[in-house]
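A structural walkthrough
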Amino acid sequence: AQSVTQPDIHITVSEGASLELRCNYSYGATPYLFWYVQSPGQGLQLLLKYFSGDTLVQGIKGFEAEFKRSQSSFNLRKPSVHWSDAAEYFCAVSLTGGGNKLTFGTGTQLKVEL
Amino acid sequence: NAGVTQTPKFQVLKTGQSMTLQCAQDMNHNSMYWYRQDPGMGLRLIYYSASEGTTDKGEVPNGYNVSRLNKREFSLRLESAAPSQTSVYFCASSLDHYEQYFGPGTRLTVT
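So, here's what we can say about the structure. (Residues numbered from 1 in each chain as written. Chains lettered and ligands numbered in written order. Predicted model: local features only at pLDDT ≥ 70, side-chain atom pairs only at ≥ 80, totals over all residues. Heavy atoms only, no water.)

1. Here's the deal with the overall build of chain B
Rules: Segments assigned H or I by DSSP are reported as helices when at least four residues long, segments assigned E as strands when at least two residues long, and all are numbered from the N terminus. In this description the radius of gyration comes from C-alpha coordinates, and the expected globular size is given by 2.2 Å times residues to the power 0.38. Remark: exposure states derive from per-residue accessible area (1.4 Å probe, protein chains only) relative to the maximum for the residue type, with buried under 20%, exposed over 50%, and partly exposed in between. Only heavy atoms matter for contacts: two residues are in contact if any of them lie within 4.5 Å across the pair. Here, Shrake-Rupley sampling with a 1.4 Å probe gives the accessible areas, and only protein chains in the shown set may cover a residue.
Counting secondary structure elements, chain B contains zero helices and eleven strands. Going from the N terminus to the C terminus, chain B shows its helices and strands as β-β-β-β-β-β-β-β-β-β-β. Whereas a compact globule of 111 residues would reach a radius of gyration of roughly 13 Å, chain B reaches 13 Å, a difference of no more than 12%. Principal axes of the C-alpha set define a box for chain B whose edges measure 40 × 25 × 25 Å. When each of the 111 residues of chain B is scored for burial, the buried share is 49%. Put simply, 54% of the contacts in chain B that link residues at least 6 apart link residues at least 24 apart. Summed over all atoms, the accessible surface of chain B reaches about 5100 Å², with 49% contributed by carbon and sulfur.

Here you go:
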């Protein structure tokens, strides 16, 4: 069965430091890949997505992610974290032809120290 | 353009009571979804509707029913609420390319 793993439940970084959030998936084929962010008490907002083509994708708020087929990974990065980036981050995948259904990882809670 | 709206925002039920969560989107999207979010478990798909007039079970459908009333509206019904259904419920919609847009959520507590 398809699955998405976010191995880090909590991450703490200092403001201005770089960030990398990990995401691995288990699929037979290359899925569509997404990163969402959820601020406290809010719904989910799409940061970026990968469907095909260039494996480095740019998103909103200065985030980027790189798809690595050999590692079945889609890690999210940001060069310099801002205090407002504190939130929960979810990786999600959708199997091509899978009826638009998303499978989510369990999330990574990001804390930013000032 | 409000996007995806959900009502109510908060609800407290007693075990055995019923209720319907409402969801509407104004983006002319074909597909709509209901998820529940529980601590440490991410979001899990309850039901989805790929188009008006169709609904299908997701990962955790037991104890829920849905109705795709028209293209805009997709409701989720709990016929006999149980404490295990205490959760935050999110509705989402999508047009194509699998990108889903989420509502603000309904926080449900069953006592």
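On we go.
2. Considering the side chain of Gln 37 of chain B
Within the secondary structure, Gln 37 of chain B sits in strand S4 (residues 31-37). In contact with Gln 37 of chain B, not counting residues within four places along its chain, are Gln 38, Glu 88 and Phe 90 of chain A together with Gly 42, Leu 43, Ser 87, Val 88 and Phe 90 of chain B.

3. Examining the state of the cysteines
All names here are of chain A. What counts here: When the sulfur atoms of two cysteines come within 2.5 Å, that pair is taken as a disulfide.
Applying the stated criterion across every chain yields a total of two disulfides over all chains. Two residues, Cys 23 and Cys 91, share a disulfide whose sulfurs are 1.9 Å apart. Between Cys 23 and Cys 91, the disulfide has an S-S torsion of -65 degrees and is therefore left-handed. Remark: Cys 91 occurs in strand S10 (residues 87-94) and Cys 23 occurs in the loop between strand S3 (19-21) and strand S4 (24-26); sequence separation between them is 68 residues. The buried category is assigned to Cys 23, whose relative accessible area is 0%.

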